[in-house]
Amino acid sequence: MTNDIILETRNLTKHYGGVHALQGANFTLRKGEHVAIMGDNGAGKSTFVRQITGVEQRTRGDVIFDGKPVFFENPMDARNAGIETVFQTLALADQLDVPDNLFLGRELVKFKFGPFSILDYKAMRERTMGALEKTGVKIPNIRGTIERMSGGQRQCVAIARTATFHSKLTIMDEPTAALGVQETAQVENIIRTLKEAGEPLILISHNMRQVMDLCDRIVVFRRGRICANLDIKNNDITGEDVVAYITGAKTQPEYADAA
Amino acid sequence: MSETSHGIGGLSFDAKKRAWPNEMNVFIALIAIIVIFEILGQVLPYMKGQSLLFDFNTNRDGTILNMVRLKIIILQVSIIGIIAIGSTQVIISGGIDLSPGSIVGLTAMVAMSFAQTALVNGNPNPKAIFGEAWMDLPVIVPIVVAIAVGTFAGLVNGLLVAYTRIPPFIATLGMMVAARGAAKWWSKGQPISFPTEPFGAIGNGMSGWSPVVIFIGLAILFHFILKYTVYGKHTYAIGSNEDAARMSGIKVDRHKVLVYTIAGILAGLSALVLASKNLTAQAGMGVMYELDAIAMTVIGGVSLAGGRGSIVGTVLGALIFGVIISGFTYLRLDAYYQEMVKGIIIVAAVVLDQWRRQRAAARA
Ligand SMILES: Nc1ncnc2c1ncn2[C@@H]1O[C@H](COP(=O)(O)OP(=O)(O)OP(=O)(O)O)[C@@H](O)[C@H]1O
Ligand SMILES: [Mg+2]
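The name given to chain B in an unreviewed UniProt entry is Inositol transport system permease protein, with the source organism recorded as Thalassococcus halodurans. We quote the UniProt Subcellular location (unreviewed entry) comment for chain B here in full: "Cell membrane".

An unreviewed UniProt entry lists chain A under the name Monosaccharide ABC transporter ATP-binding protein, CUT2 family, with Thalassococcus halodurans given as the organism.

Dropping the structure here:
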């Protein structure tokens, strides 16, 4: 049973000075499972992601990834352990082009020579094209810099980055927030591809239809606490029910102290 | 932009297409400035149809170009150009370095002390600051010393910027003042002269072209490093979006130390060429060089906001600088005008950069 779990957090808590952004989050994710995190603006969703991915250091609590307690000092540690993340802020370098951004911090090199290792541009371009094809993301000119791209294209680049590398867990923080209808459909296709490949996903989204379509489970955050864990695959749960949990009209009995 | 820029529906990829390089604009500016001087040479009555770069009296040295002036133009920007190669990297990484001018002064003094010849016209060297055992050392000694002094000063800059989080402007301002003080302290303000012959050859060799060769050689080397190595990519990434660089696992602090250290080494090399060319070192050498170097980079299209620019641009910026200085001399205008115009050009380049960035931001 336990080795079926890819990620677990126990009592995960983050305070920013007096702001209790995340309080005692107990969360589990099974292998192959796609879970949505929902909640109002400022509910603590991104904070939760930042504690798991080593962007920030938690105030207290445990993170157990792939069976072992982990203490990621920085996002690279998390990435090396197999967690790929699309951050809400995207984390792209505006003046660089698409392959540069996909491989930022893990460039392919021809000759190893410390910091002066020679870049293998050709291989990075080819793998970038491969990743874009695999994810169905269409960007007219991968040699163009990010600053020249639309919000949707940037989002696509950030998502293609996670798809370029094999990972044990993918986290996407509002990946379709800035996207039009077609781009959103594309991102949803990428997510379906991950599901078919059995790769687990945490999806933060405000889009009820999307979450209902794509995910197995919804975890609702409210004012820094988890207030509901809804198995939408196996139970008859409507969008209105979820909204009721988000707004605080309803709270699951086991999370009663959250209200 | 063309309609392909919103492309999501069924457009093909293009791995080859590249944007119009910004260096092209700088190059056009260079040509435009040359053309203006050529036109002025033709229309100003007192110029009597002279030309800045061309020499139609080809039977003088057989070339249609005025090689003497061409040499002066490049030579006078080479030594500061070497510093500008370092400033380019610092500014691309999102920083600024105000110390190279003072590092030049200090390095020139120290390196020259290790380059003393024992006999001057058959008499003992009157200016040597160390004993006889330190005279007539192989030329490699002052070279290594110069690189070591530059490395040390740059390393201190880098450590201050990366680990104390003082703004680079302040950290390197401290170095600017301290290194100048150290240069004066080194020989109690006395100039140091009379280097060995091989040392003198560093900046005077190859019939006077050697500073140009060293400048262009270093420019090519660092152009390659910035374009084709991980170091270069990370320098751009940090200047472009430091948080993204950190989130991508780039060791930002360590990288900054390396960038400032390289800038220090280049300042040391510049001092070596300068002291050798002048056959003397003085504590006041290199004053304001950092500002000229920054001006060259900015004119060359390096953005003070970081993330943007190139060595090619900086070399073109240095040439624009050289052409303007020579052009003013050729028009027989006073040096005051030179400085005023230099000031205007620097401000214009920064305004242009800001305007370009605002346009990019508006598109996003
Ligand atoms: N670095 C910080 N310092 C202080 N407070 C912070 C910091 N980061 C987040 N917060 C606060 O923590 C709370 C949770 O923020 P978080 O970004 O996790 O919200 P979110 O659920 O992701 O919201 P959204 O849907 O708008 O993205 C907010 O009240 C926010 O103001
Ligand atoms: Mg958020």
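**Observations regarding the site of ligand 1**
Residue and element names in this part refer to chain A. Close to ligand 1 lie 14 residues, the nearest being N41, G42, K45, S46 and T47. Taking N41, its side chain carries an N or O atom lying 2.8 Å from an oxygen atom of ligand 1. Relative to its free-state accessible area of 630 Å², ligand 1 is covered by the protein chains to the extent of 64%. With four residues, helix α1 (residues 45-52) is the single largest residue contributor to the shell around ligand 1. Considering only residue class, the shell around ligand 1 consists of three nonpolar, seven polar and four charged.

**Re the coordination of the magnesium ion (ligand 2)**
Residue and element names in this part refer to chain A. For the magnesium ion (ligand 2), every protein donor is listed as S46 (OG) and Q88 (OE1), and the spread of their distances is 1.9 to 2.1 Å. Taken together, the positions of S46 in helix α1 and Q88 in the loop between β6 (83-86) and α3 (98-102) put the pair 42 residues apart, joining distant regions of the chain. Here S46 falls in the buried class, since its relative accessible area comes to 16%.

**A look at helix α2 (residues 67-92) of chain B**
Considering bend angle alone, the principal kink of α2 of chain B is centred on S78 of chain B and spans about 50°. Where α2 of chain B terminates, the next one or two residues include G94 of chain B, which has phi positive at roughly 90°.

**What about the sheet that holds strand β2 (residues 19-30) of chain A?**
If you trace the four strands from one edge of the open sheet to the other, you get β2-β1-β4-β5 (chain A), paired in antiparallel fashion. With one partner strand each, in any of the chains shown, β2 and β5 (68-69) of chain A form the two edges of the open sheet.

**Points about the pattern of salt bridges**
Overall, the coordinates contain 20 salt bridges over all chains when judged by the stated rule. Among the salt bridges present, the one from D216 of chain A reaches K233 of chain A, with a minimum N-O distance of 2.6 Å. Here D216 of chain A, found in the loop between α7 (208-214) and β11 (217-222), pairs with K233 of chain A, found in the loop between β12 (225-230) and α8 (239-247); they are 17 residues apart in sequence, far enough to count as distant. Among the charged side chains, a salt-bridge network with shared partners connects R165, E242, R246, D253 and K256 of chain B.

Rules used in this analysis
Residues numbered from 1 in each chain as written. Chains lettered and ligands numbered in written order. Predicted model: local features only at pLDDT ≥ 70, side-chain atom pairs only at ≥ 80, totals over all residues. Heavy atoms only, no water. UniProt positions renumbered as here; feature names shortened; annotations may be inferred. Near = heavy atom within 4 Å. Polar contact = N/O pair within 3.5 Å; in protein donor to acceptor, adjacent residues only side chain to side chain. Areas by Shrake-Rupley, 256 points an atom, 1.4 Å probe, with all protein chains shown as cover. Helix = DSSP H or I, 4+ residues; strand = E, 2+ residues; numbered from the N terminus. Nonpolar A, V, L, I, M, F, W, Y, C, P; charged D, E, K, R; others polar. Donors = N, O, S within 2.8 Å, 3.2 Å for Na, K, Ca; no water. Buried < 20%, exposed > 50% of the residue type's maximum accessible area, 1.4 Å probe, protein only. Bend = angle between axes of the 7 residues up to and from the residue. Pairing = 2+ DSSP bridges. Salt bridge = Lys/Arg side-chain N within 4 Å of Asp/Glu carboxyl O.

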